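Coordinate inspection notes
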Amino acid sequence: MSDENAIDFDKLVENCYILSDKSAQDIEAAVDCLSESYTNSEMIMIYNHFLTVAKNQDLLMYLVRCIDRFRDKSSISPILDLFLDRNNSLNLRIMCAKELANFKDTTVVTPLLYSLNDKSENYKLRLACADSLGRVGDKYAVSPLIDIVGDEEEKSVYVRESAAVALGMLGDIRAIEPLVKILESKKGFMDKFSFLKERIIEVLGKFHSSDDKIIKAMEHALKDDSPTIRINAIEVLMESDSPRALPMIKSMLNDYDDEVKKNALIALYNLLGREILDEVIESSDYSEFLKEEAKDLITEYEDCEDE
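Here the structure is a predicted model, which is why all the values come from computation and not from measurement. (Residues numbered from 1 in each chain as written. Predicted model: local features only at pLDDT ≥ 70, side-chain atom pairs only at ≥ 80, totals over all residues. Heavy atoms only, no water.)

Looking at the overall build of the protein
Tallying secondary structure elements over the protein gives 19 helices and zero strands in all. In terms of overall dimensions, the protein has C-alpha extents of about 85 × 50 × 30 Å along its principal axes. Burial analysis of the protein (307 residues in total) assigns 48% to the buried set. Total accessible area computed for the protein in this model is approximately 15500 Å², and 47% of it derives from carbon and sulfur atoms. (Helix = DSSP H or I, 4+ residues; strand = E, 2+ residues; numbered from the N terminus. Buried < 20%, exposed > 50% of the residue type's maximum accessible area, 1.4 Å probe, protein only. Areas by Shrake-Rupley, 256 points an atom, 1.4 Å probe, with all protein chains shown as cover.)

Focus: the packing of aromatic side chains
A full pass over the atoms with the stated rule returns two aromatic pairs. Ring centres of Tyr 47 and Phe 70 lie 6.3 Å apart, and the angle between their planes is 40°; on these two criteria the pair is classed as tilted. Here Phe 70 lies in the loop between α4 (57-68) and α5 (76-84) and Tyr 47 lies in helix α3 (residues 40-53), a separation of 23 residues in the sequence. Taking 6.3 Å as the distance between ring centres and 35° as the angle between the ring planes, the aromatic pair formed by Tyr 123 and Tyr 158 counts as tilted. Of this pair, Tyr 123 sits in helix α8 (residues 123-136) while Tyr 158 sits in helix α10 (residues 157-170), and the two are 35 residues apart along the sequence. In this structure, Lys 22 packs its charged tip against the face of Tyr 17, placed 4.8 Å from the ring centre. (Phe/Tyr/Trp six-rings, centres within 6.5 Å; stacked < 30°, edge-to-face > 60°. Lys NZ or Arg CZ within 6 Å of the ring centre and 35° of its normal.)

Some words on the pattern of salt bridges
Across all of its chains, the model carries 21 salt bridges by this definition. Between Arg 86 and Glu 121 there is a salt bridge whose closest N-O contact spans 3.4 Å. Residue Arg 86 is located in the loop between α5 and α6 (90-102), and its partner Glu 121 is located in the loop between α7 (109-117) and α8; the two are separated by 35 residues in the primary sequence. A salt bridge links Glu 177 to Lys 181, with the nearest nitrogen and oxygen atoms 3.7 Å apart. Placement of both Glu 177 and Lys 181 in helix α11 (residues 176-183) is noted, with a separation of four residues, approximately one turn of the helix. Here the residues in one salt-bridge network are Arg 86, Arg 93, Asp 118 and Glu 121, joined through shared partners. (Salt bridge = Lys/Arg side-chain N within 4 Å of Asp/Glu carboxyl O.)

Considerations on the packing of α8 against α10
It is the contact of α8 with α10, at a shortest axis distance of 7 Å, that shows an interaxial angle of 10°. For the element pair α8 / α10, the angle class is roughly parallel. Of the residues in α10, those touching α8 at Tyr 123, Arg 126, Leu 127, Ala 130, Asp 131, Leu 133, Gly 134 and Arg 135 are Tyr 158, Val 159, Ser 162, Ala 163, Ala 166, Met 169 and Leu 170. The residue makeup of the contact of α8 with α10, split by class, is 10 nonpolar, two polar and three charged. (Axes fitted to C-alpha atoms, helices over the stretch in contact; angles between N-to-C directions. Parallel < 35°, antiparallel > 145°, perpendicular 65-115°, else oblique. Contact = heavy atoms within 4.5 Å. Nonpolar A, V, L, I, M, F, W, Y, C, P; charged D, E, K, R; others polar.)

Side note on the packing of helix α15 (residues 227-238) against helix α17 (residues 258-272)
At a minimum axis distance of 9 Å, the contact between α15 and α17 shows a crossing angle of 5°. Accordingly, the angle class assigned to the pair α15 and α17 is roughly parallel. Across from Pro 227, Arg 230, Ile 231, Ile 234 and Met 238 in α15, the residues of α17 making contact are Glu 259, Val 260, Asn 263, Ala 264, Ala 267, Asn 270 and Leu 271. Across the contact of α15 with α17, the residue classes break down as eight nonpolar, two polar and two charged.

Focus: the confidence of the model for the protein
Where the model shows low pLDDT, its predicted coordinates should not be examined in detail. On average, the protein scores 91 in pLDDT, and the residues at 70 or more come to 93%. Averaged pLDDT values over the elements of the protein bottom out at 53 in helix α12 (residues 188-192) and peak at 98 in α5. (pLDDT = per-residue confidence, 0-100.)

Below, the structure is given as structure tokens:
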């Protein structure tokens, strides 16, 4: 057999019990046996056809997993149909959303964006769409993703968070300014959901962190009420080659939170080495807690040197 016309799809549907009430195990076993008689290209055509006729949701999920082994672009259309059909189960649609990203084809971007922007869709499906858009890597998705991150009427903060992560995957510098503006917002929504700020800071850290807008945003984040936000900002600054980064991190050695102080010290130790530890121990400007942390790092440093 060499082409689609040579395959009797109706007979295969019958022989594999695709439309029957047999157990999923029996159907899957019958489908698996086909690979003994058909080539990979033929199996792709068979899987694609089965996707268009099967109704059982578990069977459809099994077929999607089979297709994932090949990731042939001919399978995009039937998977898109399953993804967009609201009569299908949520789990199947989420699986299809994730599978669409594996094809690395820009034709899936528009339907993924459509479902991501549809606020009547289940938020779990929308999360999968955002993740897939980031993995597809098409820059056409940048502006819509920015809009979602900044949408204060979006009920699901998790969707906004996933959109931010997708922007980090895409790495387009157009995202920097709007993300900075969101981060610096003083509105109550952002203050309430500090983990969205955390995610945005992480995303900004994926860009060139010497960008003046990013440095200013980190300066703002270092004053945030959340210690985790401040620690995340320190981590971003540690990767920056901006001359402003070092003094900004050093200023956090006198933060009121011990964990923030500790992370600032570790960051400075990674950047400057032993000298900052000696400075902390010898100066009266630093707390006893920080001095003990510096001594612990020295002990660890000396142990490493002896090994």
